[in-house]
Amino acid sequence: MLGVDVPGHGKVVVDIGYGGAFYAFLSAERLGLDVCSSKTQDLVDAASAVTEAVKRQFKLHHPDNEELAFLYGTILTDGKDAFSDEPTTNICVFADAQVDRSPTGSGVTARIALQYHKGLIQLNQTRTFRSSTTGSLFTGKAVKASSEPLLFCVFFRCFL
């Protein structure tokens, strides 16, 4: 968890997760938004501001390849990270303020790793993730923990 000063939003706490790419994660509610009902452009603007703030304020490190040590984007969530059979919704804003149509493969992987690391889900407990823009679903689960700080084995499927 990192405290980040985000212009227009003040200090917010974000999680940084890795699932093939680094993402910042936080509930859209922390930015005064709702991932399911706010305008997409408002979500994009807020997520982009978070991404830029994290990039300015923190240096990321990758244990094996420093070329991968950069923040790819920000994923705003509905805040429902504890295990549930109900889908949890997010929007992934990456690169140059692009929005993924899906819940995002590397983002879902990173989100599952964070949820497992925080004790919110157990190994082999399947979660469903929904895109706030298209409604597409991915399911995934952590299948093996590792002593390596960034290595989690995660399995996911998509239903578009």
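Whatever comes next refers back to the structure up there.
Notes on the structure in this doc start here. (Residues numbered from 1 in each chain as written. Predicted model: local features only at pLDDT ≥ 70, side-chain atom pairs only at ≥ 80, totals over all residues. Heavy atoms only, no water.)

**Some points on the nonpolar core**
Working step 1: If you look at the biggest cluster of nonpolar residues, it comprises 25 residues, and the most contacted ones within it are Val6, Val14, Leu26, Leu31, Val50, Val54 and Leu76.
Working step 2: Of the residues forming this core, the biggest block, eight residues, is contributed by helix H1 (residues 40-57).
Working step 3: In contact with Val54, other than residues within four places in its own chain, are Val4, Val14, Ile16, Ala24 and Leu71.
Working step 4: If you look at the next biggest cluster of nonpolar residues, it comprises eight residues, including Ala21, Tyr23, Phe25 and Leu114. (Core = buried A, V, L, I, M, F, W, Y, C linked by side-chain atoms within 4.5 Å. Buried < 20%, exposed > 50% of the residue type's maximum accessible area, 1.4 Å probe, protein only. Helix = DSSP H or I, 4+ residues; strand = E, 2+ residues; numbered from the N terminus. Contact = heavy atoms within 4.5 Å.)

**Some remarks on the pairing of strand S7 (residues 127-131)**
Strand residues, when the strand is regular, have side chains that alternate between the two faces of the sheet.
Working step 1: Most of S7 sits inside the fold, with four of its five residues counted as buried.
Working step 2: Here three bridges tie strand S5 (residues 88-94) to S7, and the two strands are oriented parallel to one another. Looking across to S7, one finds that Thr89 is bridged to Arg130.
Working step 3: For S7 and strand S8 (residues 137-144), the ladder comprises four bridges, and the chain directions are antiparallel. Residue Thr128 lies in a different strand from S8, and its bridge partner there is Thr139.
Working step 4: The hairpin formed by S7 and S8 contains five residues between the paired strands, and Gly135 there has a positive phi angle of roughly 80°. (Pairing = 2+ DSSP bridges.)

**Re H1**
Working step 1: Taking 1.5 Å per residue, 18 residues should reach 26 Å; H1 reaches 26 Å between its end C-alpha atoms and fits that length.
Working step 2: Of the residues making up H1, those classed as buried are Leu43, Val44, Ala46, Ala47, Ala49, Val50, Thr51, Ala53 and Val54.
Working step 3: Considering only its buried residues, H1 is in contact with strand S1 (2-6), strand S2 (10-18), strand S3 (22-27), strand S4 (71-77), S5 and strand S6 (98-99). (Expected span 1.5 Å × (residues − 1).)

**Comments concerning the environment of Leu2**
Working step 1: With respect to the helices and strands, Leu2 occurs in strand S1.
Working step 2: A sequence separation of 13 residues divides Leu2 from Asp15, and the C-alpha atoms of the two residues are 6.3 Å apart.
Working step 3: With sequence-adjacent residues up to four places away left out, Leu2 is seen in contact with Val12, Val13, Val14, Ile16 and Phe58.

**A look at the environment of Tyr72**
Working step 1: On the secondary structure map, Tyr72 appears in strand S4.
Working step 2: Residues Tyr72 and Gly140, spaced 68 residues apart in sequence, show a C-alpha to C-alpha distance of 21 Å.
Working step 3: Those residues in contact with Tyr72 that sit more than four places away from it in its chain are Ala21, Phe22, Tyr23, Phe94 and Ala95.

**Details of the layout of surface pockets**
Working step 1: What the second largest pocket holds in volume is close to 170 Å³.
Working step 2: As for the second largest pocket, its lining consists of 13 residues, of which Asp15, Phe25, Thr77, Asp81 and Lys118 are closest to the centre.
Working step 3: Elements that contribute at least two residues to the lining of the second largest pocket include exactly S3 and helix H2 (105-117). (1 Å grid on protein atoms, 1.4 Å probe; cavity = no way out; pocket = protein on both sides within 12 Å on 5 of 7 lines; lining within 4 Å. Points joined across faces, edges and corners; volume = space filled by probe spheres on them.)

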